[in-house]
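Fold and geometry: a report
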Amino acid sequence: MRVVGEVFPFRVNSYVIDELIDWERVPNDPLFQLTFPQPGMLEPDDFLRIASLIRMDAPRTQIAAAVGKIHETLNPHPAGQLDDNVPVLDGQRLWGLQHKYRETVLFFPKQGQTCHAFCTYCFRWAQFIGQDELRIATDANGDLLRYLESRPEVTDLLVTGGDPMVMRTALLERFLEPLIQPELAHVQNIRIGTKALAYWPQRFVTDEDADSLLRLFEKLVAAGKHVAIMAHFSHIREMQTPMVQEAIRRIQSTGAVLRGQSPVVSHVNDRAEIWSDLWREQVRQGVVPYYMFVPRNTGSRRYFGVPLVKAWTIFRDAFSSVSGLGRTVRGPSMSAAPGKVEVLGVTEVAGQQAFVLRLLQSRKPEWVDRPFFAKFDPDAMWLDELQPLTGDRFFFE
Ligand SMILES: *Cc1c(COP(=O)(O)O)cnc(C)c1O
Ligand code: SF4
């Protein structure tokens, strides 16, 4: 843990340790794999190099230099996570906002750029160790509201992180309450992406400002907004403690809607039964299954990555074993440069094996929902490893 913890961020809390991890099943326990650094996350040579530096008590600068070299090999900045699609208002780039899809603006509040515990497979790992400083405007509040006002086509605001639920209610209020103004009536849907239900459900139940948070949701709902809590659940066990079930009930009592989304990850949830159990439990508790993601091409993909064909097989087997109420989920989906690319399946086209894909969401609305084909590749894990079935480029290239 010390060796891998030098390279990747590590953070865990008492709730994850006491309530989620099954210590009888460590190291294979999925919740242990989800939060504790694993030796397989590093290439064996890299692991040995850092281990020997630690063992010989090497100076910090020497360890940092070796770690920095490893970081460079791990694609720390996939697809310009925060630098692409930054909107411009009055000639100024508005850092902390991202506007990629016409109807939805992403908002990264500065104080929400951390999490209660860290997922080992985190796609924002580089930011959590101080690399790729989040470019968040200091006056994000005013910028956000002015930008939304200037864009009547925006129906959705998606607050994301890190985890915006690490923020105090008072701060969230400053960002969210102004959305009630009549000038922002076009912003109908407020989504909050969070892992707090899994890692710290106390946020909605016993934290000092849990009640005021629920009042804030109520107020937004009463003002006619659709409030959606986009809950990151990787495994059914995260939904089974009394605390999380109480948190879900309390959120629902405000009129807010819960939706579930998560990546499919080796060692954590790479079996179809895990997903069908998860979706069934979500339906039972009134959480709408929404997305299964393919993990981005960053960090320890050697350890967590799942080939696209396997992700699709897991998705199909799970999807076909739940009732229609669970089939609101879409995926497996890659959030890539052209948009969200869904793997619809593997088939044969004129005698050639092929992936069938479509864009669920795209920079260009006219690209959405057009099936297209790629050559089948059993090892491919991401869009950039796929070749078009015919011709030398995909239609969006
Ligand atoms: C996923 C995503 C959204 C939301 O897309 P929906 O299809 O509306 O859920 C918005 N912006 C970005 C950059 C995204 O990746
Ligand atoms: S909840 Fe999301 S941002 Fe936070 S550690 Fe997990 S993957 Fe990273």
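Residues numbered from 1 in each chain as written. Chains lettered and ligands numbered in written order. Predicted model: local features only at pLDDT ≥ 70, side-chain atom pairs only at ≥ 80, totals over all residues. Heavy atoms only, no water.

1. Some details on the site of ligand 2
Near ligand 2 you find Cys115, Ala117, Phe118, Cys119, Cys122, Phe128, Gly162, Lys195 and His232, and these make up its full shell. In terms of residue class, the shell around ligand 2 is built from six nonpolar, two polar and one charged. (Near = heavy atom within 4 Å. Nonpolar A, V, L, I, M, F, W, Y, C, P; charged D, E, K, R; others polar.)

2. Brief notes about empty space enclosed by the protein
Any space left empty among the atoms is revealed by the rolling of a water-sized probe across them. One pass over the full model with this rule turns up two cavities of 30 Å³ or more. Roughly 40 Å³ of volume is contained in the largest cavity. Every residue lining the largest cavity is listed: Phe233, Gly260, Gln261, Ser262, Trp275, Leu278, Trp279, Gln282, Pro289, Tyr290, Tyr291 and Val329. Taken together, the elements giving at least two residues each to the lining of the largest cavity come down to strand E8 (257–263), helix H12 (272–284) and strand E9 (287–293). Looking at which element gives the most residues to the lining of the largest cavity, the answer is H12, with four residues. (1 Å grid on protein atoms, 1.4 Å probe; cavity = no way out; pocket = protein on both sides within 12 Å on 5 of 7 lines; lining within 4 Å. Points joined across faces, edges and corners; volume = space filled by probe spheres on them. Helix = DSSP H or I, 4+ residues; strand = E, 2+ residues; numbered from the N terminus.)

3. Thoughts on the site of ligand 1
The environment of ligand 1 is formed by Gln98, Tyr101, Thr104, Leu106, Leu158, Arg191, Tyr290, Tyr291, Lys340 and Gln361. Lys340 is positioned such that a nitrogen or oxygen atom in its side chain is 2.8 Å from an oxygen atom of ligand 1. Within the side chain of Gln361, one N or O atom sits 3.0 Å away from an oxygen atom of ligand 1. When ligand 1 sits alone it has 390 Å² of accessible area, and the protein chains cover 87% of it. Within the residue set of the shell around ligand 1, elements represented by two or more residues are strand E3 (97–101), strand E4 (104–107) and E9. Considered class by class, the residues forming the shell around ligand 1 number five nonpolar, three polar and two charged. (Polar contact = N/O pair within 3.5 Å; in protein donor to acceptor, adjacent residues only side chain to side chain. Areas by Shrake-Rupley, 256 points an atom, 1.4 Å probe, with all protein chains shown as cover.)

4. A look at unusual backbone geometry
Put simply, Val26 and Pro27 share a cis peptide bond, and its omega is 10°. Backbone torsion omega between Gly161 and Gly162 reads 15°, so that peptide bond is classified as cis. Structurally, Gly162 can be placed in the loop between strand E5 (156–159) and helix H8 (169–176). Despite not being glycine, Ala350 has its phi angle at roughly 45°, a positive value. Here Ala350 lies in the loop between strand E11 (339–349) and strand E12 (352–362). Non-glycine residue Asp369 carries a positive phi angle of around 70°. Looking at where Asp369 falls in the secondary structure, it is placed in the loop between E12 and strand E13 (372–375). Given a relative accessible area of 45%, Asp369 falls into the partly exposed group. (Buried < 20%, exposed > 50% of the residue type's maximum accessible area, 1.4 Å probe, protein only.)

5. Observations regarding the pattern of salt bridges
Across all of its chains, the model carries 24 salt bridges by this definition. A salt bridge links Asp90 to Arg146; the shortest N-O distance between them is 3.1 Å. Placement of Asp90 in the loop between strand E1 (88–89) and strand E2 (92–93) and of Arg146 in helix H7 (residues 140–150) is noted, with a sequence separation of 56 residues between them. By relative accessible area, Arg146 is classed as partly exposed at 39%. (Salt bridge = Lys/Arg side-chain N within 4 Å of Asp/Glu carboxyl O.)

6. Section: the sheet that holds E11
Strand order in this open sheet of 11 strands is E3-E4-E5-E6-E7-E8-E9-E10-E11-E12-E13, and the pairing throughout is mixed. Whereas interior strands pair on both sides, the edge strands pair on one side only; in this sheet they are E3 and E13. Pairs of neighbouring strands in the sheet enclose a mean axial angle of 30°, with direction left out of account. Bridge count for strand E6 (residues 189–194) against strand E7 (residues 226–232) is six bridges, and the pairing is parallel. Within E7, the position partnered with Ile190 by the bridge is Val227. Helix-sheet contacts for helix H11 (residues 242–253) involve E7, E8 and E9, and the interaxial angle to E8 is about 135°. (Pairing = 2+ DSSP bridges. Axes fitted to C-alpha atoms, helices over the stretch in contact; angles between N-to-C directions. Contact = heavy atoms within 4.5 Å.)

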